[in-house]
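# Secondary and tertiary structure notes
Below, each chain spelled out in residue letters.
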2 protein chains.
Amino acid sequence: MKHTFLRFTGALAVAVAVWPAAAQQTTTMPPGYVPEFGTMWTFDAPPLDYWQSRYSFNATRSWLDHLRLAAVRLPGCSASFVSADGLVMTNHHCARSCISAVSPETPDYLHAGFTAPTRAEELSCPNLYVDQLVGIEDVTDRIRGMVTAASDAQRVAQREAAVASLQASCQESSGNRCQVVRFYNGGMYSLYQYRRFDDLRLVMAPELEAAFFGGDPDNFTYPRYDLDVTFLRVYEGGRPYQPEHYLSWSAAGAAEGEPVFVVGNPGSTGRLLTLAQMEYLRDVDHPARLTDYDRRLEVLYALVAKDPEAARRYENTIFGIENSKKAYTGYQAGLLDPSIMARKKAFEDDFRGRIAADPALQAQFGDAWGEIADAELELATFSTQARYYGFGGSTLLTRAVNLVRVARQAGLPDAQRIPTLRGEGLDSARQALLLDEPVDLALEQMQLAQWLGTARDELGAQDPLVRALLGVRTPEAAAERFIRESLLISVDERRPLVEGGVAAVDGCVDPLVAAMRSLEPIANSYLTRSLDLNTVISSNTEKIGQAIYAAYGKALPPDATFTLRISDGVVKGFPYNGTIAPYKTTLYGLYARSADFDDKPPFELSERWKLAEGNVDMKTPINFVSTADIIGGNSGSPLVNRAGEVVGLAFDGNIEMLPNKFIFTDEVSRTVSVHSSAIIEALRNVYGAGHIADELRGGRQ
Amino acid sequence: MKHTFLRFTGALAVAVAVWPAAAQQTTTMPPGYVPEFGTMWTFDAPPLDYWQSRYSFNATRSWLDHLRLAAVRLPGCSASFVSADGLVMTNHHCARSCISAVSPETPDYLHAGFTAPTRAEELSCPNLYVDQLVGIEDVTDRIRGMVTAASDAQRVAQREAAVASLQASCQESSGNRCQVVRFYNGGMYSLYQYRRFDDLRLVMAPELEAAFFGGDPDNFTYPRYDLDVTFLRVYEGGRPYQPEHYLSWSAAGAAEGEPVFVVGNPGSTGRLLTLAQMEYLRDVDHPARLTDYDRRLEVLYALVAKDPEAARRYENTIFGIENSKKAYTGYQAGLLDPSIMARKKAFEDDFRGRIAADPALQAQFGDAWGEIADAELELATFSTQARYYGFGGSTLLTRAVNLVRVARQAGLPDAQRIPTLRGEGLDSARQALLLDEPVDLALEQMQLAQWLGTARDELGAQDPLVRALLGVRTPEAAAERFIRESLLISVDERRPLVEGGVAAVDGCVDPLVAAMRSLEPIANSYLTRSLDLNTVISSNTEKIGQAIYAAYGKALPPDATFTLRISDGVVKGFPYNGTIAPYKTTLYGLYARSADFDDKPPFELSERWKLAEGNVDMKTPINFVSTADIIGGNSGSPLVNRAGEVVGLAFDGNIEMLPNKFIFTDEVSRTVSVHSSAIIEALRNVYGAGHIADELRGGRQ
């Protein structure tokens, strides 16, 4: 293991301050630290004193540099270099598109698994790349210096220009990918530089039955038994890339109580949301969203129940909605938990108290909470209308309103258009109307009927939308007619309407289009009102981001931004189900959960694992939990011990972790990881891939 | 398997109407049935039509008689005959006193397990017996006919006399044990006759590590892995008893979705409680009780932390309190669940509506709910005072108040004494003061100090109790002085005070006794007020019991009375932990849960099970869950299938079942049972007890 800088970081033209000189001394855990903000530390502000006091661990600059440079980012996921020959470890669920892309029809590698017997047989993943974070620079002052205008709109434009210019000059001078990252809602800006590797090859992937054992029911839960791992290899110039920084492998994994560090890219959290924003989500947004999931599922389940072909076609759609529903149910459980809201309130009281105590800060930021709360309250007064007048209930609804809207807005000066159709928006919307995308008319009719029925129930029979679209018809009859008389289904019938502008729209006999002629102006007014209120909210959340930075400094890690973080925690079970969840599960438990369900999907074992029963050590840990702080985007993050060795691979959280989106707690919420020992055991004794285990272990056993 | 009546039931002098002639036709599940009342059916009112419609199962008279007569009741538990030679199956935790009693010092059979190699080596259990229910007769009208007085007190006396007379004449004529059972708070009375068997011998008991695997953490939970079984044998005349009715053994156990029937003796439920009574429990009783558990545990843990000898001495006490705390936390979770309270309210509204709809019923019963609610509200106004003036916080507190009380009340005519000291109560209280029971002074001092401190916090510094016992002292100083100057510790110092009456008490210099001279009258007034209000509640709950019987008949099974019931349900998993709990667990899971916790107590495997790993079929089901309705007292109940064969042995519920105490639900609450297959597998391949497996299987494999 090497701890030197990567050579090319020294060649950067802009200053790369990955490690501010004073950080090792000054970054501490001050008394004002709020644990609910979690532990997603940026690499330029690691809490060294806190780690020292909590774990008796002195993290060095080279230790942190090494982890940062061994980590890589996949689209939507995290990963890491784990061998001298460029082996990259991530989750199976992060590599599915590659596995499917490289697979022949038979065997289907997604369901059969794949192991390249030799390097020559490693399979090239199309369109996949990983990014390595090679530089971090605080550019807050530079951006602020370029934002001088008085009006909000002008300031936004100046800021966008400043960001674009910084990114462009960085890319030009370094040859790296450069991104200005907005922390604390704009309280701080950093310039991140990435080196991209775009030749990745598939080395080893277990079958889905092992990687996603337990399927959707066990998703977001623990105890768990998933081998959610895939190995890729980075090639450069047609040969395996040899990274200076890669993670070595722990011989035994992490013990109970041992500190662990997750290095990866958490995607998005809302820990800076105000109480009013959380209440809006709890009372308005999430209930509507969950109802929407249920309605979509109701239609889809009804459809697939009578059509096996539809069952295959919508399998992934249904899985996606079920997955979102489970996640949002978990988020909502947090928002409905009085103790979580009380913690948020306690923090907000403290925060506002700190601002109020300084007249200058109070003058600058003091009104922000109230303005957000007022805007949220006003949004709530017409949220049902805004939802239905968005016409998202079916493909034909969306096409009809967009057809009318594009035609009419095209006649206005750019600045007078609705915001979404300014600039290139108008042409994008027009092109979207000309795409040749088929409509599943069976699904369309069911969706339309359902949407019309719930619109009548929620808006009332006298609402213009209900009167125009439904009148005295039943939802079923209206839906049937809209489809029967539709001119929006085929692109050939649609094109003349799109190209004919206002005249074509005004003369159109499609009944949906006819109704939209009267509804589109109402829809525009709801849309504009929503956008205006959201602008108020957004400019005030930016104030709060600046305020929090002013009040707490970097003591509070910023919300997740899908950029590299290091989170600390300990390996630890938790209270569960009236008893205790163990800190780890073992292979015994994999066979147990399968047998408990009589080997039925999604708890069936693959043939490979059935055959392996006599060959594996049943006591081998397969998954384990820790109090580290992760969220979507962290999938594939390595967990390392204080020696920087891989002890695990994060792939999920338990169900209690979902509310961490808003507030971090570690009483019961846990990160779920694949145990390093299970990976070695499976490679050697299940997959006949001892050579990969050997590569990971660097020749050790 | 035989289905005839036991011969001696025909010899009964009183009519034994175990099966009213019309029951098979008339007992149906009427539209008014309330599922929240559960399924603890009495054997004289089985819901035959419901079983027919729900399970397509036609339960016959002989099927029910057979189950009733194969079932037996142990003190506090349930059991059943399971072989032609009088083998009785119950839970290990129901037979612990016998196992300990028959065990030598080494090996300790409780921790080592025991299997009698031959019948001659079966060990006689001292003081153990089982009762077999041989007759049921409705005696409601006979008792009502003997209750003719106008005053409540006289009616109570007449009813008690009627019950005693019925029991005595039954016992004399039949030679059986006879008990009048009060159903529906007195809405119905039945005379139950039992045949007692009092020669029981221990045949086989697994070690505690297997019977109670998972210990206190896993108690009240599922998934679970306990072999909570023990076999006894009934002897008669020195030879194994050969019952005409015993349960045969299922070859495969119960499949998922299969109906099962639990035959056993549920102890006590509160499903007839009014909403006001549940609210009192929720708002007053349970919070105080849970706080009390926490305080007692705090003192005990502090004590055992510094004294290993105390740790051994109080191990069982602590376990008992933790167990109660877990149970009451579960009950309280139900009471705090708005959906559960809403269901109770919906039922109460329906019930009161039925009563109000009939003027005669309204006149007789209509006021009962209001009177209970008023009494509960009044109890709540002084519940804190009543609790502290009960002086239950320490042994010396109790002794001091009782010393003063006994001396003073002895001078009053019986009828003027407080109710608890009337009749034999006075002498019992005096004798209790003369028992030579040691006081643990370290514990006593900690308890006193804690009690004095919380009394001051909860009653306020101006309360007479706080002024008299604490004054200006700290709780610690006061406790130290009470013990230092106590005359109540040794029985030799206490005896002259008890025997010296009022004069001795008045002259006593013990500081606790001195304080009690002024506090005892206040305590008496709180006590009397509580008792009076509870009498009001009790007479009105009896009215409600009569009213429910009048409104719903036997459609609603009566609250549990520790008498034989048959409950139906299906084998079924449940939503749990964000995913699904399987309907059964397997031996894999036993080894898994042990390995997950690194084989640490209470998850350590016994040596016997470690050695057996290669010999057992790991897929053997060990525990399973069903929607059957049980509660404490049902421990040891057999679960049978429609053929009347043993498929399991009930031993616990999941944590979600605890609120079933008040309202039965089956969305997530489950009965947890040992699977019949695990018993056979363990007997044959772990315990070297193939002969017992053979006996259970009646010669089949």
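Residue numbering note: each chain is counted from 1, following its sequence as written. Chain letters start at A and ligand numbers start at 1, both assigned in the order the entries are written. Per-residue local features of the predicted model are confined to residues with pLDDT of at least 70, and side-chain atom pairs are confined, for both listing and counting, to 80 or more; whole-chain, interface and lining totals are unaffected and use all residues. Where side-chain values are given, they derive from all heavy atoms of the structure, hydrogens and water being excluded.

## Some details on the sheet that holds strand S1 (residues 41–42) of chain A
Residue and element names in this part refer to chain A. This is how the line gets drawn: Strand pairing follows a simple DSSP-based rule, namely that at least 2 bridges must link the two strands. Elements are defined by DSSP. Helices are runs of H or I of four residues or more, strands are runs of E of two residues or more, and each kind is numbered from the N terminus.
Pairing is antiparallel across the open sheet formed by eight strands, whose spatial order is S1-S14-S13-S19-S20-S21-S18-S17. Every other strand in the sheet has two partners, leaving S1 and strand S17 (584–586) as the edge strands with one partner each. Pairing of strand S13 (residues 259–264) with strand S19 (residues 638–640) involves two bridges; the strand directions are antiparallel. Within S19, the residue paired with Val262 across the bridge is Leu639.

## Details of the packing of helix H13 (residues 338–356) of chain B against helix H24 (residues 511–552) of chain B
All names here are of chain B. Note the following rule: Simply put, an axis is a line fit to the C-alpha atoms, just over the touching stretch for a helix, and the angle between two N-to-C directions goes from 0 to 180 degrees. When an angle is under 35 degrees it counts as roughly parallel; over 145 it counts as roughly antiparallel; between 65 and 115 it counts as roughly perpendicular; any other value is oblique. Any two residues whose heavy atoms approach within 4.5 Å are treated as being in contact. Each residue gets one of three labels, nonpolar for Ala, Val, Leu, Ile, Met, Phe, Trp, Tyr, Cys and Pro, charged for Asp, Glu, Lys and Arg, and polar for the others, Gly among them.
For the pair H13 and H24, the least separation of the axes is 10 Å and the interaxial angle reads 80°. By the angle between their axes, H13 is roughly perpendicular relative to H24. Along the contact surface, H13 presents Phe347, Asp350, Phe351, Arg354 and Ile355, while H24 presents Ile544, Ala547, Ile548, Ala551 and Tyr552. A breakdown of the residues in the contact of H13 with H24 according to their chemical character gives eight nonpolar, no polar and two charged.

## Observations concerning the relation of the copies chain A and chain B
Both copies of the chain are related through a single rotation about an axis accompanied by a shift along the same axis. Convention followed: The least-squares superposition of copies is restricted to C-alpha atoms, and to residues with a pLDDT of at least 70 in both copies.
Between chain A and chain B, the superposition needs a rotation of 180° and an axial shift of 0.1 Å, giving an RMSD of 0.2 Å. A rotation of that kind, with that shift, is consistent with a two-fold axis. Both copies contact each other with a shared surface, as 97% of the interface residues of chain A are interface residues in chain B too.

## Concerning helix H2 (residues 48–55) of chain B
Two residues of an α-helix separated by three or four positions point the same way, owing to the 3.6 residues in each turn. Residue and element names in this part refer to chain B. This is how the line gets drawn: Relative accessible area decides the class of each residue, using a 1.4 Å probe on protein chains only: under 20% of the type maximum gives buried, over 50% gives exposed, and in between gives partly exposed. In this description, one arc is meant: the one made by directions from the helix axis to the C-beta atoms.
Where H2 is concerned, the buried positions are Leu48, Tyr50, Trp51 and Tyr55. Axial view of H2: buried residues confined to an arc of 160°, hence all on one face. Ser56 occupies a position one or two residues after H2 and carries a positive phi of about 50°.

## Considerations on the state of the cysteines
Just so we agree on the cut-off: Any two cysteine sulfur atoms within 2.5 Å of one another count as a disulfide.
In the structure shown here, the tally under the stated rule is six disulfides over all chains. Here A:Cys98 connects covalently by a disulfide to A:Cys125, the sulfurs 1.9 Å from one another. Judged by the torsion about the S-S bond (-55°), the A:Cys98/A:Cys125 disulfide is left-handed. With A:Cys98 in helix H4 (residues 96–102) and A:Cys125 in the loop between strand S6 (123–124) and strand S7 (130–138), the pair connects residues that are 27 residues apart, well separated along the chain. With relative accessibility at 2%, the residue A:Cys98 sits in the buried group. We classify A:Cys125 as buried; its relative accessible area is 3%. Two residues, B:Cys77 and B:Cys94, share a disulfide whose sulfurs are 2.1 Å apart. Taking the sign of the torsion about the S-S bond as the criterion, the disulfide between B:Cys77 and B:Cys94, at about -80°, is left-handed. One end of the pair, B:Cys77, is in strand S3 (residues 77–81); the other, B:Cys94, is in the loop between strand S4 (87–90) and helix H4 (96–102), and 17 residues separate them in sequence. The two residues B:Cys77 and B:Cys94 agree in class, both being buried. Sequence-ordered numbering of the bonded cysteines in chain A gives a disulfide pattern of 1-2, 3-4, 5-6.

## Quick notes on the interface of chain A and chain B
Quick reminder of the rule: Here's the idea: put two parts together, see how much 1.4 Å probe accessible area each one loses, and the total over both is what we call buried area. When a carboxyl oxygen of Asp or Glu lies within 4 Å of a side-chain nitrogen of Lys or Arg, that pair is called a salt bridge. Counting of polar contacts relies on pairs of N or O atoms within 3.5 Å, with two restrictions inside protein: one atom must be capable of donating a hydrogen and the other of accepting it, and residues adjacent in sequence are counted only when both atoms are side-chain atoms.
With 34 residues of chain A in contact, the opposing surface of chain B contributes 33 residues. Three residues stand out in chain A for area buried against chain B, namely A:Asn577, A:Tyr588 and A:Asp596, and they jointly supply 25% of the buried area on that side. For B:Lys584, the salt bridge identified is with A:Asp598, shortest N-O distance 2.3 Å. Across the contact surface, chain A and chain B share 23 residue pairs in polar contact (both at pLDDT 80 or more). Looking at the side of chain A that touches chain B, the elements that each hand over two or more residues are helix H9 (215–218), strand S16 (579–581), S17 and helix H25 (587–596) of chain A. Among the residues making up the side of chain A that touches chain B, the classes are represented as 16 nonpolar, seven polar and 11 charged.

## A look at the pairing of strand S9 (residues 188–197) of chain A
Residue and element names in this part refer to chain A. A large share of S9 lies buried, amounting to nine of its 10 residues. Both S7 and S9 contribute to a ladder of eight bridges, which runs antiparallel. Looking at the pairing, Glu137 lines up with Leu191 of S9. Judged from the seven bridges that link them, strand S8 (residues 177–183) and S9 form a sheet pairing that is antiparallel. Counterpart to Arg182 in the pairing with S9 is Tyr189. Hairpin connection, S8 to S9: the antiparallel pair is bridged by four residues, and Tyr184 has positive phi, about 50°.

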